[in-house]
Amino acid sequence: MQLAKQTDEPSPLDVRLALYRNGYSPVLARGKISDVAGWRTPVKSSEEIERLTADNTAYANTGLLCGALVGVDIDTPDPETAAALLVMADALPGADRALRRVGKAPKISLFFRATEIRKKVETPEYIVRGQKCQIEIMQDGQQVVGFGIHPETQLPYTWIGPSPLDVPFVDLPEITPETIAGFVAQAEAYFAAHGTPVREKKGTTPSARSGGDTFWQRVNSAALDNTDSWVPSLFSSARKEAGTGAWRITSKELGRELEEDLSIHRDGIQDFGLEQSETALSLVEKWGGAPSPKDAAFWLCERLGRDPVEFGWEHRDIGARMTLGSLGRVPAAANDNEQEEDQADDEPAAAIPQAGGLSEHLCYPPGAVGDFTRFIVGCSRFPSPHLSLVASLAFTAGLIGRRYRGPTGLRSNLYIVGLAESGFGKDVTIRATAALADSTSWGHKVSENLFSDQIRSLPGLAGKLRKSPSAVVIQDEFGRWLAEHTGRGVASHRAEITASLMELTGAPAGFWGGQEKAGGNIPRILAPCLTIHGVSTPSTFWNALTSGNISEGLLGRLVLVDVGNAEPVKVRRPPNSIDDIPPALSEQVAALLGLSAGKYTGTFCALSAKSDEKPYPVMTAEWAPGVDDLFEDFDDRIRGMRKTVDPQYRPILNRVGENAARLALIVAVGCDPKEPVITREIQEWANTVAEHSLHVILRGATDNIADNDRAAEYLRVRQQVVRRGQSGITLRDIVKNLRGSIDKRRLEDILAMLRQAREIHLARLTVESGQSKVRFWSDESIPDAAVIIPLESG
């Protein structure tokens, strides 16, 4: 078949006028977006097209309005799946005469003429061979871009054979609703046989809230029955209509170029902008950042105050807690054993939040990083997979530094910090990486070259990088170090160190130092690759920070791994020893260093690095087919959360994708230093770890960072209430737990401010025994049956 590429000739206006003359209704588009007012109404004249084009010069692409025109969109990036679906499409009546357009191969669209104008029809999304696949039949109210530049490939849209510029609309083959329905059913059967659904099939509005027989349907139904409990947390700008009881969020507030709103009502959820139904679960995934349907369901359960088991979940998850919407509060677990009013207790209360650490299975990525982690875990009497992962990632990042880059150009320099209370075996993780470094035939030379002393001064940091341009700083008590370098009133020479750390995140592709640094006393270092391996207790870490660390970007540059609340289990006789490194691990260390022939040979060897010379050669890790889409979709989703988080946290979102890219590069090189490939498994792991770090940062910053003593008191009182979850807390217990640190008048003022801000509520709850309890509850944990006492009443 002839592939006729569209060129810059004719102009967009010429294309639109030619389409109109051939019976099509052209649509002005920016990339794939059509948002010119009234675009769903067919144009009525050439003069209208000329006027619209003149008034909207930024709209360089041209779409085709669907309705009478039907676009059969095979939205399947997997080549094998696309080929199978195209065979089915080719069997449709008249398909040999259908126009065919390609935007991003192997995806393809076929165009027919409708015998009856209907609304859009689509299959559910399925994962087939690692790719998200779907069939969409574009009909009334939709458009398909056919001319211009594809926003992802940056190449022109192409037509296989003739285009609408050549074939009048009346000459297109007809397609009936019955034919469309049969094709969609056939495609869905293929997807179901070869893949797994991304989520429950979207239904019509009535079925969207039916109770159903599955866990997912029950959660969705309960969420629709109580939209007030979760919609404001997911969409901070949502407004509730007095007449209909529906929650409305405008497209502008969602950050998209569409006109219509998103509507959430107990009878169902409708996205009028995209003209499609949604579920509560799909909204939490799409707009709240939940990485999976399960996380979305569990988050909804928390907001509803219900245990997932009540809806049919067989195993309670004790992994990372999802905090969406404001992403700032730690939901507390429900306490089934409610205390009576006269039972006082000490902090902490029984309703302790579940462990918020990174899921343990994520501590063992493939390749050398996972192998190093397993070894370190086996060396400790109090093993911590999380701190072992932190050590392994930093160690591997340093071994490969300067000599590898990812497909986005980023290097392996990583600032990674493990947050854990005392007793989690951090000392072993530090000593184990040094032992691994020294286990090759080159002995102590490796650790001397790789590891740096803790950062105490700018000249000291520069001196280490001058000697070893790829270095790992092991910063024990990282929170204490932060307090000295980022706290209030910090000395200027220490503030300069913090500024330099931020500069060094982008230095591996350029240089650092020179005349602009310290009056020229800092030498110019080419492509320095600094990695920080930090460990800190959570309280020390968060108490060291101020809001300035958020706006200036330091916090976003850190990858935080939260160990959680589950304490390590003592192992009396650890199976491994740092004095006995397995030969296979030593070989992995040598391979990552680029050592060969028993000597320091070749410019690629890490030990041959010189700070005044650019590294050469530099090896690029490539994405496996389709993985670039996985990464870009993740990055877009995280950046899209700008509309749902506090504005002060928005700079942090911009760094999440970068951190995911660095993590993926490190693991990929650890899998194969000679031909590193970022597979789907690796990128999914990296995305999950980077997003875990984001949730830890947002939750920790909101709950802990205060710029003055009064703000710190405010947060401390709020935490007293938040930690109790649905059990609530009495004023007497708050006073007792504070142990006189806040005087009575100040405490009353703080409680009043918290109630006025609707962060907490004083409410009365009548239990089954008939007893009435008056307690404070956080806004997200107040029981449905509790009656809020107005601020002016008490």
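In this text the structure is predicted, and so the values were computed from the model without any measurement.

## Considering the environment of Ile376
With respect to the element layout, Ile376 can be found in helix H9 (residues 368-377). In this structure the C-alpha to C-alpha distance between Ile376 and Leu436, which are 60 residues apart in sequence, comes to 9.6 Å. Here Ile376 is in contact with Ser388, Ala391, Ser392, Val428, Thr429, Ala432 and Thr433, once residues within four sequence places are set aside.

## Here we look at the pairing of strand E3 (residues 61-65)
Among the five residues in E3, five count as buried, and that is most of the element. Two strands pair when backbone bridges link them, and E3 and strand E10 (residues 143-147) are joined in this way by four bridges, in the antiparallel orientation. Paired with Leu64 across the two strands is Val144, which belongs to E10.

## With respect to the confidence of the model for the chain
Scored by pLDDT, the chain comes out at a mean of 82, with 86% of its residues at no less than 70. For the chain, the element scoring lowest by mean pLDDT is strand E1 (residues 3-5), at 40; strand E29 (residues 677-678) scores highest, at 96. Low confidence marks residues 1-7, where pLDDT is under 50. Its contacts with residues over four positions away, or in another chain, come to 17 contacts. Within the model, the stretch residues 315-355 combines pLDDT values under 50 with 133 contacts to residues more than four positions away or in other chains.

## With respect to unusual backbone geometry
In this structure, the amide linkage connecting Ala105 to the following residue, Pro106, adopts the cis form with an omega of 5°. Here Pro106 shows up in the loop between strand E5 (99-102) and strand E6 (108-114). Look at the link from Tyr616 to Pro617: it is a cis peptide, with omega at -5°. Among the secondary structure elements, Pro617 is positioned in the loop between helix H18 (583-593) and strand E27 (619-620). Even without being glycine, Glu477 reaches a positive phi, approximately 50°. Relative to the helices and strands, Glu477 is located in the loop between strand E22 (470-475) and helix H14 (478-486).

## Points about the sheet that holds E3
Ordered by their spatial adjacency, three strands build an open sheet running E2-E3-E10, and the pairing between neighbours is antiparallel. For this open sheet the edge positions go to strand E2 (26-29) and E10, each flanked by a neighbour on one side alone. Ignoring strand direction, the axes of neighbouring strands in this sheet form an average angle of 40°. Docked against the sheet, helix H1 (residues 12-21) engages E2, E3 and E10, running at close to 15° with respect to E3.

## Considering the sheet that holds E22
Strand-to-strand pairing in sheets goes through backbone hydrogen bonds, with the strands running parallel or antiparallel. The parallel open sheet is built from five strands, whose spatial order is E21-E22-E25-E20-E26. The sheet is open, and its two borders are formed by strand E21 (451-452) and strand E26 (558-562), each paired with just one other strand. Pairing analysis gives five bridges linking strand E20 (residues 415-419) to E26, with the strands arranged parallel. Residue pairing in the sheet places Tyr415 in a bridge with Leu558 of E26.

Conventions adopted
- Starting from 1, residues in each chain are numbered consecutively following that chain's sequence as written.
- At least 70 in pLDDT is required for a residue's local features to be given in this predicted model, at least 80 for side-chain atom pairs to be given and counted, and no such filter applies to totals for whole chains, interfaces and linings, which use all residues.
- Hydrogens are left out, water is left out, and the side-chain values use all remaining heavy atoms of the structure.
- Secondary structure elements are defined from DSSP: runs of H or I of at least 4 residues count as helices, runs of E of at least 2 residues count as strands, and each element is numbered from the N terminus.
- Residues count as neighbours in contact if any of their non-hydrogen atoms are within 4.5 Å of one another.
- Only protein chains enter the accessibility calculation, which uses a 1.4 Å probe; a residue is then buried when its area is under 20% of its type maximum, exposed when over 50%, and partly exposed in between.
- Note on pairing: two strands pair once DSSP finds at least 2 bridges between them.
- Each residue carries a pLDDT score, the predictor's confidence in it, ranging from 0 to 100.
- As a rule, the C-alpha atoms of each element are fitted with a line to give its axis, helices using only the stretch in contact, and angles between N-to-C directions run from 0 to 180 degrees.

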